[in-house]
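Structural features, examined
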Amino acid sequence: MTEARPMGAASAALWEREEEIAAVERAVDTLCADRSSPGGLLVIRGEAGLGKTRLLAETRCIAEQRGCAVWSARGAETLRSVPFNVVRQLLQPALISLMPEEAREYLGDWYDVAGPALGITEPGERQADPQGVYDGLVTAVRRLARRDWPLVLLIDDAHWADQETLRWLAAFAERLEDLSVLVVVARRPADVSGESARHLEYVAAAASPAAVLNALTPEATAGLTRATLGAHADAPFCREVWAVTGGNPYETVELLAKVRDSELEPTETGAAELRALNRSARGGGLVARLEELGIDATRFAWAAAILGTGITVDLVARLATMNHDDAARCAQLLQGARILTAPDPAGTQGDSGELEFVHPLIASAVYNSIPDALRTAMHGIAAQVVSDSGLGAAMASRHLLRVHPDDDEELVAQLREAAREHLAVGAPGAARHCLERALLEPPTPDVHAHVLYELGCATLLTAPPATTIDHLRNALAMPGLQGDERVDAVFRLSQALMHNDQLEEAVRTAEAEAARHEEGPAKRRLQAVHFMWEAIYVGEAISPDRSERLAALASTCAGRDNSERALLMLRGFDALIQGQSAEEVVEFCDRSLVNGRLAPGLGWTDTEWGFELLLMLGNCYAFTDRLDRADSLYNEALHAYESAGWSGGHLALAHACVGLGHRRRGRLREAEASLRESLRLAERVGRGLPLYWNATCNLVDTLLARGHVEQAWEIAEQYGFAPPYPSTIAMPDSRSVRGRLLLAVGRTEDGIAELEAAQKAAAARGRHNPVIVPWALDLARALATADRDRAAGLAADARRQAERFGTDTAIGEALRCAAALESGQRAVRLAAQAVAYLEASPCQYEHAAARIEYGIVARQDADLERGLALARSCGADGLVAQARQALESGHAVR
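Parameters at a glance
- Residues numbered from 1 in each chain as written.
- Predicted model: local features only at pLDDT ≥ 70, side-chain atom pairs only at ≥ 80, totals over all residues.
- Heavy atoms only, no water.
- Helix = DSSP H or I, 4+ residues; strand = E, 2+ residues; numbered from the N terminus.
- Buried < 20%, exposed > 50% of the residue type's maximum accessible area, 1.4 Å probe, protein only.
- Contact = heavy atoms within 4.5 Å.
- Expected span 1.5 Å × (residues − 1).
- Pairing = 2+ DSSP bridges.
- Salt bridge = Lys/Arg side-chain N within 4 Å of Asp/Glu carboxyl O.
- Phe/Tyr/Trp six-rings, centres within 6.5 Å; stacked < 30°, edge-to-face > 60°.
- Axes fitted to C-alpha atoms, helices over the stretch in contact; angles between N-to-C directions.
- Parallel < 35°, antiparallel > 145°, perpendicular 65-115°, else oblique.
- Nonpolar A, V, L, I, M, F, W, Y, C, P; charged D, E, K, R; others polar.
- Arc of directions from axis to C-beta.
- Disulfide = S-S within 2.5 Å.

On to the overall build of the protein. The helix and strand inventory of the protein stands at 44 helices and 8 strands. Reported as C-alpha extents along the three principal axes, the dimensions of the protein are approximately 115 × 70 × 50 Å. Counting every position in the protein, which comprises 894 residues, the buried fraction comes to 58%. Here the contacts in the protein between residues at least 6 apart in sequence split such that 67% fall between residues at least 24 apart.

Written out as structure tokens, the structure reads:
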């Protein structure tokens, strides 16, 4: 029976935990079986005092007995605003123990990305990408796990972990198959909400079934009572212990310690005093017990609760304004009273001289017992103590957040500095909290607009766009923002409007601000931003004479600064979508470069202009058959984002660009792989963004080219590739690709309707390039039987536009369509011309298709064989099947 279990009071939390311990043993054994073992994740849930911490301690013992390295960390109620606090506790000691060159070797390229978040290196000048930091932290664990295998990570009180740690933990849980490490997480079922709750739910879903801890049964409580006080404890006394504590192991241990200290006899007579003893061990009783130790000990405990972490006698003495000897004496008193204790040596690195509360319940009780006004004042003093200790504004900010607003200019300055430090390590959420608190102070009139601007920058990609829009609009409405800072605020506001699908408003915002400026770089930058948003807007034309105005403005540009270079890129892109001469498009684009490369300040990771401009430049080269230049730009983007650790939306964009380059060349397998990776990354950022839609459109287009129609339809269904369409342009055109998909799955009427909608939308915006908006060629083929005259007219118009554009691919594709509408020798002649053009094109898929079609109509076996070889090299399975069928049917002359 449980009651007979010979277990001491120190092991109270392990009574009736046999199943949980067995689960831990199985998980540890699985980890230790082989270096290639997949990772494991266990979650322990239970209310306060039910033994989560003790079960983690037992996990440590089990793991260490099997030769595992064990690292641990713990959340704290008062430290939730400190970004990366828990993950730093977990990983920092192991990395600090390495020489700097060793740490850099283990983390590789991620050292400069994740290192600042872990506190092992200084942040760079550029704002860190949060997703990149989380990926870097996951990589850090993966590489350390190889060195320290078998590795077990213990996280206690995860419900109090900072949001950045929980987001990392969720990313970690997503990749457990690649990580040979066991993670054990203990948390309460409540005490968490919002984003933190969402991350914890994701972790729980990825874990083995959670171990849910229950209170001790009366039998187990009796066994524990007799193990602590002696076998003579009678049944009524034991039942009363259970009734008073509700079977809570922590409260049971504390109550029994009180019984032993008071020398109360464990009999039915003594049972009447248990409730009074229990009150003295918790809540108000604990506070009374603390007060009995004296005012100095109370002040010391209060100061320790304010600090929350890094509790040393020296720091507490400074915060509580005590001399060192008195503080040391109080520390001894509080340890003797089971309020404070030295950390478990197994979970710390050496003798740090730090203290911690015996249990989080005690820490919370002490903190909440501090009078409100005094607590606020102590946080203000603590902020100064932390700053004077050289721990930085970011560490002091958690105290400043709790200080009452009081028109304090210095506090505003400290919070702004803390926000900059948070952004530098990849914690924009923490930066946002600091700046929101600074606004409450409030800032002085000359600073107020700057704080709002900084807040808008911090929330740009981490909060609902409407929030950023409000901050930046308010900043611009106030006096204070001038010069480049004001121009940048307008640019970021227009970005937020674009992300909020308010592209027309983004256009008008940039246009109105440009009108306020005199001629010069600032005005040209705003004009470029205005034209840039207009270029990607797919709604009705905002400015009917837009192209003429852009052409006139670009004609004055010689590429003397980045504003002029941006306008040249935009002029080239406008010529591209209108279907003007490809040679002119390339000329404008080439003039925007410096010695064939992007100018300083116009790189993929430079934030002054954003990636949209460079995406237009790359697409200009891609769709004018200058694929070497396009590939160079796209691969430069991929390298730049990977090197900078930008693994969120920017990296998703880079993979989509690389995928487009592969698709244009006809490397369909590679294109599919890149575009699937782009979508995987985009999923982490959120659906509905332009980059998400663009990657989906290109993946559907690639799968159709491969002949994988069912997969294309599944992707369209899975990722919502259907009306309503976003307000931003996709290349190739979304409606055209959707129409082609509908035709491929046999929904001919719907496909024709979609292609006609594409025709109408393209005409409204003057988009006449048949390569970018290829509706005409597919619509002509779809109407070939039902309306031959209209089909022929569409094909003829597409051919004229292709010849105007002038690329081999555009003309060859138009000729392929024309040949498909003809028969006899005219079809043969047109198909031969298509082959001639597409053979000179770098687009191998189109060349393969033209070869096969010519082989069929001309009954030429050699062309079919060559087309078959090209189709195989492209991964165009549909073309391969078409060529084989033609050869096997004997349709071609041998």
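All right, on to helix α34 (residues 690-706) then. Look at α34: 24 Å from first C-alpha to last across 17 residues, which is about the 24 Å you get at 1.5 Å a residue. Most of α34 is tucked away, with 16 of its 17 residues classed as buried. Looking at the residues trailing α34, positive phi occurs at G707, about 85 degrees.

Turning our eyes to something else, we now look at the sheet that holds strand β3 (residues 151-156). Across the sheet, 5 strands lie side by side as β2-β3-β4-β1-β5; this open sheet has parallel pairing. Each end of this open sheet is capped by a strand with a single partner; those strands are β2 (69-74) and β5 (211-212). Note: β3 against strand β4 (residues 181-187), 5 bridges, orientation parallel. The residue of β4 that forms the bridge with V152 is L182.

Here the focus is the pairing of β4. With 7 of 7 residues buried, β4 lies mostly within the body of the structure. Because side chains alternate across β4, one face comprises the buried residues V181, V183, V185 and R187, and the other comprises L182, V184 and A186, equally buried. Note: strand β1 (residues 40-45) against β4, 6 bridges, orientation parallel. Across the sheet, I44 pairs through a bridge with A186, a residue of β4.

Below, the discussion takes up the pattern of salt bridges. Opposite charge on two side chains permits them to pair, given that their charged atoms come into close proximity. Summed over the entire model, instances satisfying the criterion amount to 54 salt bridges. Here E240 ties to R275 by a salt bridge, and the two come within 3.4 Å at their closest N and O atoms. Separated by 35 residues along the polypeptide, E240 in helix α10 (residues 235-245) and R275 in helix α12 (residues 274-281) bring together distant segments of the chain. Residue classification places E240 among the partly exposed positions, given a relative accessible area of 22%. Owing to a relative accessible area of 42%, R275 belongs among the partly exposed residues under this scheme. Ionic pairing is found between R338 and E254, a salt bridge with its closest N-O pair at 2.3 Å. Highlighted residues: R338 in the loop between α16 (324-336) and β7 (340-341) and E254 in helix α11 (residues 249-262), separated in sequence by 84 residues.

Next up on the list: the sheet that holds strand β8 (residues 354-357). Judged by pairing direction, the sheet is antiparallel, and its 3 strands sit side by side in the order β6-β8-β7 without closing on themselves. Each edge of the sheet is formed by a strand with only one pairing partner; in this case those strands are β6 (311-312) and β7. Pairing geometry for β6 and β8, over 2 bridges, is antiparallel. Paired with I311 across the strands is L355, a residue of β8.

Here the focus is the packing of aromatic side chains. Scanning the entire structure with this criterion turns up 7 aromatic pairs. Considering the side-chain rings of W168 and F172, the 5.4 Å spacing of their centres and the 50 degrees angle between planes classify their relative orientation as tilted. Of this pair, W168 and F172 are both found in helix α7 (residues 163-174), 4 residues apart, which corresponds to roughly one turn of the helix. Here W168 and F172 have matching classes, each one buried. Taking 5.3 Å as the distance between ring centres and 45 degrees as the angle between the ring planes, the aromatic pair formed by W693 and F721 counts as tilted.

Our focus in this paragraph is the packing of helix α38 (residues 775-782) against helix α40 (residues 808-820). Two numbers describe how α38 lies on α40: the axes approach to 10 Å, and their chain directions differ by 10 degrees. Comparing the axis directions of α38 and α40 gives the class roughly parallel. For the pair α38 and α40, the contacting residues are L777, A780 and R781 in the first and E813, A814, R816, C817 and A820 in the second. Grouping the constituent residues of the contact of α38 with α40 by class yields 5 nonpolar, no polar and 3 charged.

The subject of this paragraph is helix α1 (residues 18-33). For α1, with 16 residues, the first-to-last C-alpha span of 22 Å sits near the 22 Å given by 1.5 Å per residue. Taken together, the buried positions of α1 are E20, I21, V24, A27, V28 and L31. For α1, the angular spread of the buried residues around the axis is 125 degrees, confining them to a single face. The outward face of α1, more than 90 degrees from its buried face, is lined by the exposed residues E19, R26 and A33. Buried-residue contacts for α1 involve β1, α2 (52-65), β3, β4 and β5.

Our focus in this paragraph is the state of the cysteines. All told, the structure shown has 0 disulfides when counted by the stated rule. C457 provides the cysteine sulfur closest to C434, a residue in no disulfide bond, and the two sulfurs are 15 Å apart. Here C697 stays free of any disulfide, with the sulfur of C657 as its closest cysteine sulfur at 14 Å. Assessed through its relative accessible area of 0%, C697 is described here as buried.

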